[in-house]
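# Structural overview
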Amino acid sequence: MPELEIILGGYSINTDQTRLGLCTVTLIRGEVLSIVDVAHFGRRNMLVDQLEANGISTDDIGRVILTHAHWDHSQNTDLFPNAEIVIHEDELEYSRNPRPGDLATARYFANTLLDQNVRTVTGETELEPGIRLIETPGHTRGHVSVVVETAGGTVCVGGDAMSDAGAIGRGAPAIVFWSEADARASIQKIVAAADTIYPGHDRPFRVEADGGITYLADSPILEVSGVLHYASGAFTVNIGRAEHPGTTVMPSAIDYQGGGHNHPGHC
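Presented here is an overview of the structure given in this document. (Residues numbered from 1 in each chain as written. Predicted model: local features only at pLDDT ≥ 70, side-chain atom pairs only at ≥ 80, totals over all residues. Heavy atoms only, no water.)

### Points about the side chain of Thr-105
Inclusion rule: Only runs of H or I of at least four residues qualify as helices and only runs of E of at least two qualify as strands under DSSP, and these elements are numbered from the N terminus. Throughout, exposure labels follow a simple rule: accessible area from a 1.4 Å probe, protein chains only, divided by the maximum for the residue type, with under 20% read as buried, over 50% as exposed, and the rest as partly exposed. Polar contacts, as counted here, are pairs of nitrogen or oxygen atoms within 3.5 Å of one another; within protein the pair requires one atom able to donate a hydrogen and one able to accept it, and residues that are adjacent in sequence qualify only if both atoms are side-chain atoms. Residues are treated as being in contact if the distance between any of their heavy atoms lies within 4.5 Å.
Position of Thr-105 relative to the elements: it lies in the loop between α3 (89-96) and α4 (109-112). On the basis of relative accessibility, which here comes to 5%, the residue Thr-105 falls in the buried class. Within the local environment of Thr-105, its side chain forms a polar contact with the side chain of His-70, the two groups lying 3.3 Å apart. Apart from residues no more than four positions distant in its own chain, Thr-105 is found in contact with His-70, Tyr-94, Ser-95 and Pro-98.

This is the structure in structure tokens:
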């Protein structure tokens, strides 16, 4: 049966100067070695390094699945010369003419795929036994999520249709560019489809019968370093707290994006 590994963890952290855009990158070991989302250029070296640490060359990846076309999920497709790039037909079309407020989708995105092996899909699509795509629009027009049947149960890699665990309490992802009604329906679809959820900008978690969230991975610590003023020297700040798998919280207490589902500071 297919197995999943987190290659790069997802974070819900921004600054007043930039959107960090640190999405979850997931490896699926199935009949075809696949990767779901490929991060942005700022994580390019780390992506390659983390794959190599798992004994994988970029040449080994046979399939790249893009949940959607936003910059923080889609910029590194060219790293995988032997991969089929899978994206929903509506998302590719949408990327050519995104809504005016959707600055996370570059109008030139479709052109970056011209020399690559692109497969567009519609509807529920089985990629191989145990791996299928479901349509989860709302965050963007053609967003998809990946449902994987593993030995430990059904997992849904939700992308930004399930941006973070707080989406359970809000009933919507952190931001909606396309349709709030679709986005809310997609949350319910993901919860119904899987025992475990890998969100786009948070740790893997399970939704309990009482509606609580149980995290299944360690809480990450993000290190921020730099120089704001050379007279005061360099600084390093660690963001996060020690929290171990098995921590259960109620989703009403979670809003990692710092606002409602249409908060403008996140993608």
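### Focus: the packing of aromatic side chains
Filter applied, for reference: Aromatic contacts are taken between Phe, Tyr and Trp rings whose centres are within 6.5 Å, Trp giving its six-membered ring; a plane angle under 30 degrees counts as stacked, one over 60 as edge-to-face, and the others as tilted.
Counting across every chain of the model gives 2 aromatic pairs. Geometrically, the ring pair formed by Tyr-94 and Trp-178 is edge-to-face, given 5.7 Å between the ring centres and 85 degrees between the ring planes. Highlighted residues: Tyr-94 in helix α3 and Trp-178 in the loop between α5 (166-170) and α6 (180-193), separated in sequence by 84 residues. By relative accessible area, which is 3% here, Tyr-94 ends up buried. Classification of Trp-178 as partly exposed rests on a relative accessible area of 27%.

### Digging into the layout of surface pockets
Spelled out, the test is: Points on a 1 Å grid, built from protein atoms alone, make a cavity when a 1.4 Å probe fits but cannot get out and make a pocket when they are open with protein on both sides within 12 Å along at least 5 of 7 lines; residues with an atom within 4 Å of a point are the lining residues. Grid points are joined across faces, edges and corners, and a volume is the space filled by probe spheres set on the points. Classes in brief: Ala, Val, Leu, Ile, Met, Phe, Trp, Tyr, Cys and Pro nonpolar; Asp, Glu, Lys and Arg charged; the others, Gly included, polar.
There is about 190 Å³ of room inside the second largest pocket. The wall of the second largest pocket is formed by 14 residues, among which Phe-41, Gln-75, Tyr-108, Phe-109 and Thr-112 lie closest to the centre. A per-class count over the lining of the second largest pocket returns 7 nonpolar, 6 polar and 1 charged.

### Here we look at the pattern of salt bridges
So the rule is basically this: For salt bridges, the criterion is a side-chain nitrogen of Lys or Arg within 4 Å of an Asp or Glu carboxyl oxygen.
Under the definition given, this model contains 10 salt bridges. For Arg-141, the salt bridge identified is with Glu-93, shortest N-O distance 3.5 Å. Here Arg-141, found in the loop between β8 (131-135) and β9 (144-150), pairs with Glu-93, found in helix α3; they are 48 residues apart in sequence, far enough to count as distant. Judged by its relative accessible area of 26%, Arg-141 falls in the partly exposed class. Bridged by salt links that share partners, the residues Asp-90, Glu-93 and Arg-141 form one connected network.

### Notes on empty space enclosed by the protein
Summary: where empty space remains is shown by rolling a probe the size of a single water molecule over the atoms. Per the counting criterion, the structure on display carries 2 cavities of 30 Å³ or more. Of the volumes computed, that of the second largest cavity is approximately 30 Å³. In terms of lining residues, the second largest cavity is bounded by Thr-24, Thr-26, Val-36, Asp-37, Val-157, Gly-159, Tyr-198, Pro-199 and Gly-200. Broken down by secondary-structure element, the contributors of at least two residues to the lining of the second largest cavity are β10 (153-159) and β11 (196-199). Grouping the constituent residues of the lining of the second largest cavity by class yields 4 nonpolar, 4 polar and 1 charged.

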